[in-house]
Structures are given as structure tokens and as C-alpha cells.
Amino acid sequence: MFVTDTVKLIEVFCFVDDFCKEVESYYASHPLPAGLTPKHAAGRRASLSESEVLTIVVFYHLSGFKCFAYYYERLILRELHSFFPGAVSYTQFLFLARQACFHAFLLAQARCSLSQQTNHYYIDSKKLPVCDNRRIHSHKVFDQIAATGKASTGWFYGLKLHLVTNEQGQVMRFLLTPANVADNNHQVLGYLLSGLRGKCYGDKGYLTTLFEELLEKGVHLVTKLKRNMKNMLLTLTDKLNLLKRGSIEAVNDILMSVCDIDHTRHRNPLNALVEILSGISAYSFLELKNTRFKPARLLA
């Protein structure tokens, strides 16, 4: 038996509704391309607004449910029907969720922009398999979207979620790529670290030739070295902070277990993208008390 946190539901809706109004106001004077404009059946608008659709998909990751169909039919259509009187059938809602994909992306970006600039960051990637390895050759849903890649646990077929977090566990940047894109890809690093200032700590996979270029832009990328590389002098502060890189692993674990963005049962890539984006947004609504990973600072 799940106890619904209606206070959190109202908090999510208030933010999402204000956000959607700002987006609507902006694009009233900056029209979207024809392909991104929502289409409504028979010229009628949906009974659920975009803010309600986004609230439902975001709150799913905060509700404790692990099956979206059960969550929607059990919680939204029954216990929370008074909050969403215009709720449609489950099949129709999946169609509305696909239409809200662009707004889900903007929402996730907006929530990340609220994260605090701390000058200490951690970078990592997480695998998002879209099917079991035994079904790779017969998998069609993510055809020409996903790819085969290798993680620390072995080969998989799917996507990669690249993250940059601050010392408080807040997500600063995120990026989705096919699984065969390297962590130290120049475009990936350029996007993830753009606009940041300070030091960013990563594992050996982030060794790059962009070190000097990033340093000129104000980002000092600190990584571990491979065995066949010459030793590099690091300050004691940097060595200690490299040991605390596990804070971003805690963020990944919460995204995968609590926010449940990782599963292999998607039937439409747009619905999968909405679920991943809404999971990242939901993570930002969690009350994080990550005080164990404060960066080391030596006293003068």
C-alpha cells in the first residue's frame, strides 16, 4: 500500500505549471518548427494540459511505483482522480506523453540550471541498456538510435547517460548518447563542461587532449592516470577529491533505483526519452542530504 505525498505532488505541479506558462509565453513570439508543434486529434485540445502530463510523468519517479501502467491506472485514475479530473485512458496518455517530449527536455534543463555553481564537480557516465544482450539482433524499437558499447560490467546495447554533478549531488549537466560514444569525446566534454568554472574530477576514461583548451575556459579537468602513463604531480587536495568521486556514483544509483530510469521494456523511443528526462527532473525534487562528499580544502 503506497502513501501518496500530495504535498510533493502539488510542489511539482506548481513548478511545472509556471514553467509551461513561461515556455508558452516565449514561443508565442518565437514559433516552433512545424514538426515540434503538438497536433490534436480532430482539431480538439487534449483534456490534460501539458503541465498536467509532465507532472504525472515526473511524479511517477517520486511515487515509489515500479510499473508506470499500474501507477497510472491505480493512482492517477483512482486515488488522484480529483487532482486530474481530465485524465484520459492509459493508451491515450502515452500518446500525450510523446507529444510532451520537447517540454520534458526543456524542464530537465531548467531544473539543472537551478543547481548551485560550487567550483567542484564530478563527471561520469552510466549505461542505459535497452534490451537484454540475447535480444540485440532482434531488437527493433531503438534501431538506428542505440548502439553497442562497453562499460565496466561488460558489453551492452543501448544508450549512455553522461552526467556532471556538484559536491552537493545536484545534476549540473546531462547528455544522452549512443553507447558507442566515448566518455572523452570532444563534443561530449565541450557540451558537459561549457559554462562551468573550477575543477572537475573524473576517472581514467576522461583523459583527453582538450586539457589545455578546457583550462583556458576556466575548467581544470583532473583524472586518474593509466598504468603506462608517466606520473603527474597532483596537489594533495586534488588527490583527496579524486577519492571522493564516488559521490556521482551515488547520484547514478538514485537515478537508476529510486527514479527508475533504467529498464528494457520500452515500446517507443519517444516514451523512453520522456521517462529518462522526467526521471532526471524528479531527481532534482528529492531532498538531498549529501554531506559526506564535501570537497577537501587544505587550510592555508
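All values reported here derive from a predicted model rather than from experimental measurement. (Residues numbered from 1 in each chain as written. Predicted model: local features only at pLDDT ≥ 70, side-chain atom pairs only at ≥ 80, totals over all residues. Heavy atoms only, no water.)

**Some words on the overall build of the protein chain**
Phase 1: Counting secondary structure elements, the protein chain contains 10 helices and 6 strands.
Phase 2: Relative to its 300 residues, the protein chain shows a buried fraction of 46%.
Phase 3: Of the accessible surface of the protein chain, which amounts to about 16,300 Å², a share of 55% is contributed by carbon and sulfur atoms. (Helix = DSSP H or I, 4+ residues; strand = E, 2+ residues; numbered from the N terminus. Buried < 20%, exposed > 50% of the residue type's maximum accessible area, 1.4 Å probe, protein only. Areas by Shrake-Rupley, 256 points an atom, 1.4 Å probe, with all protein chains shown as cover.)

**Some points on the environment of Lys126**
Phase 1: With respect to the helices and strands, the residue Lys126 is situated in strand 1 (residues 120-129).
Phase 2: Placed 130 residues apart in sequence, Lys126 and Met256 show a C-alpha to C-alpha distance of 9.3 Å.
Phase 3: Those residues in contact with Lys126 that lie beyond four places of it in its chain are Leu159, Lys160, Leu161, Asn252 and Met256. (Contact = heavy atoms within 4.5 Å.)

**Observations regarding empty space enclosed by the protein**
Phase 1: Applying the stated criterion across every chain, the model contains 1 cavity of 30 Å³ or more.
Phase 2: Taken as a whole, the largest cavity spans an internal volume of roughly 70 Å³.
Phase 3: Surrounding the largest cavity, Leu128, Pro129, Val130, Phe142, Leu159, Ile261, Asp262, His263, His266, Ala272 and Ile276 form its lining. (1 Å grid on protein atoms, 1.4 Å probe; cavity = no way out; pocket = protein on both sides within 12 Å on 5 of 7 lines; lining within 4 Å. Points joined across faces, edges and corners; volume = space filled by probe spheres on them.)

**Here's the deal with the packing of helix 2 (residues 50-63) against helix 10 (residues 269-284)**
Phase 1: One way to put it is that helix 2 packs onto helix 10 with a least axis distance of 8 Å and a crossing angle of 65 degrees. The two elements helix 2 and helix 10 cross, and the hand of that crossing is right-handed. Residues Val57, Val58, Tyr60, His61 and Leu62 of helix 2 touch helix 10, and the partners they reach there are Val274, Glu275, Ser278, Gly279, Ser281 and Ala282.
Phase 2: Its residues assigned to classes, the contact of helix 2 with helix 10 comprises 6 nonpolar, 4 polar and 1 charged. (Axes fitted to C-alpha atoms, helices over the stretch in contact; angles between N-to-C directions. Left-handed = near helix turned anticlockwise from the far one by under 90°. Nonpolar A, V, L, I, M, F, W, Y, C, P; charged D, E, K, R; others polar.)

**Remarks on the confidence of the model for the protein chain**
Phase 1: Taken over all residues, the pLDDT of the protein chain has a mean of 86, while the share at 70 or more is 87%.
Phase 2: Mean pLDDT across the elements of the protein chain ranges from a minimum in helix 8 (residues 236-243), with 81, to a maximum in strand 4 (residues 171-178), with 95. (pLDDT = per-residue confidence, 0-100.)

**Concerning the nonpolar core**
Phase 1: Membership of the largest hydrophobic core comes to 65 residues, with the highest contact counts inside it found for Leu48, Ile56, Tyr71, Tyr72, Phe93 and Phe174.
Phase 2: Counting residues per element, this core draws most heavily on helix 2, at 8 residues.
Phase 3: Once residues within four sequence positions are removed from consideration, Phe174 is found in contact with Phe105, Ala108, Gln109, Cys112, Leu161, His162, Leu163, Tyr191, Leu192, Leu277 and Ile280.
Phase 4: Grouped together as the second largest cluster of nonpolar side chains are 16 residues, Val164, Val181, Cys200 and Leu210 included. (Core = buried A, V, L, I, M, F, W, Y, C linked by side-chain atoms within 4.5 Å.)

**Some remarks on helix 5 (residues 101-113)**
Phase 1: Taking 1.5 Å per residue, 13 residues should reach 18 Å; helix 5 reaches 19 Å between its end C-alpha atoms and fits that length.
Phase 2: Looking only at helix 5, the buried set comprises Cys101, His103, Ala104, Leu106, Leu107, Ala108, Ala110, Arg111 and Cys112.
Phase 3: Buried positions along helix 5 lie against helix 1 (6-29), helix 2, helix 4 (90-99), strand 4 and helix 10. (Expected span 1.5 Å × (residues − 1).)

**Description of the pairing of strand 2 (residues 147-151)**
Phase 1: Summarising the sheet, strand 2 and strand 3 (residues 154-166) pair through 5 bridges and their orientation is antiparallel. Each residue of the ladder has a partner; that of Ala151, found in strand 3, is Gly154.
Phase 2: In textbook terms, the turn of a hairpin is the stretch between consecutive antiparallel strands, and for strand 2 and strand 3 this stretch comprises 2 residues. (Pairing = 2+ DSSP bridges.)

**Describing the packing of aromatic side chains**
When we look at a pair of aromatic rings, we describe it by the centre distance and by the angle of the planes.
Phase 1: Summed over the entire model, instances satisfying the criterion amount to 15 aromatic pairs.
Phase 2: Relative to Tyr71, the ring of Phe68 lies with its centre 5.5 Å away and its plane at 45 degrees, an arrangement referred to as tilted. Here the residue Phe68 and the residue Tyr71 both occupy positions in helix 3 (residues 68-79), the gap between them amounting to 3 residues, near one helical turn. This pair shows no difference in class: Phe68 is buried, exactly as Tyr71 is.
Phase 3: Its end group placed over the ring of Phe15, Arg111 keeps NZ or CZ at 4.5 Å from the ring centre.
Phase 4: The ring of Phe285 carries the charged tip of Arg111 above its face, separated from the ring centre by 3.8 Å. (Phe/Tyr/Trp six-rings, centres within 6.5 Å; stacked < 30°, edge-to-face > 60°. Lys NZ or Arg CZ within 6 Å of the ring centre and 35° of its normal.)

**Description of the packing of helix 3 against helix 4**
Phase 1: Put simply, helix 3 and helix 4 touch, their axes get as near as 11 Å, and they point 115 degrees apart. Seen from above, helix 3 lies across helix 4 with right-handed handedness. Seen from helix 3, the contacting residues are Phe68, Ala69, Tyr72 and Glu73; seen from helix 4, they are Tyr90, Phe93 and Leu94.
Phase 2: Residue classes in the contact of helix 3 with helix 4 are distributed as 6 nonpolar, no polar and 1 charged.

**Brief notes about the pattern of salt bridges**
Phase 1: Taken as a whole, this structure holds 8 salt bridges when the rule is applied.
Phase 2: A salt bridge links Asp132 to Arg134; the shortest N-O distance between them is 2.9 Å.
Phase 3: Taking relative accessible area as the criterion, Asp132 reaches 29% and is therefore assigned partly exposed. (Salt bridge = Lys/Arg side-chain N within 4 Å of Asp/Glu carboxyl O.)

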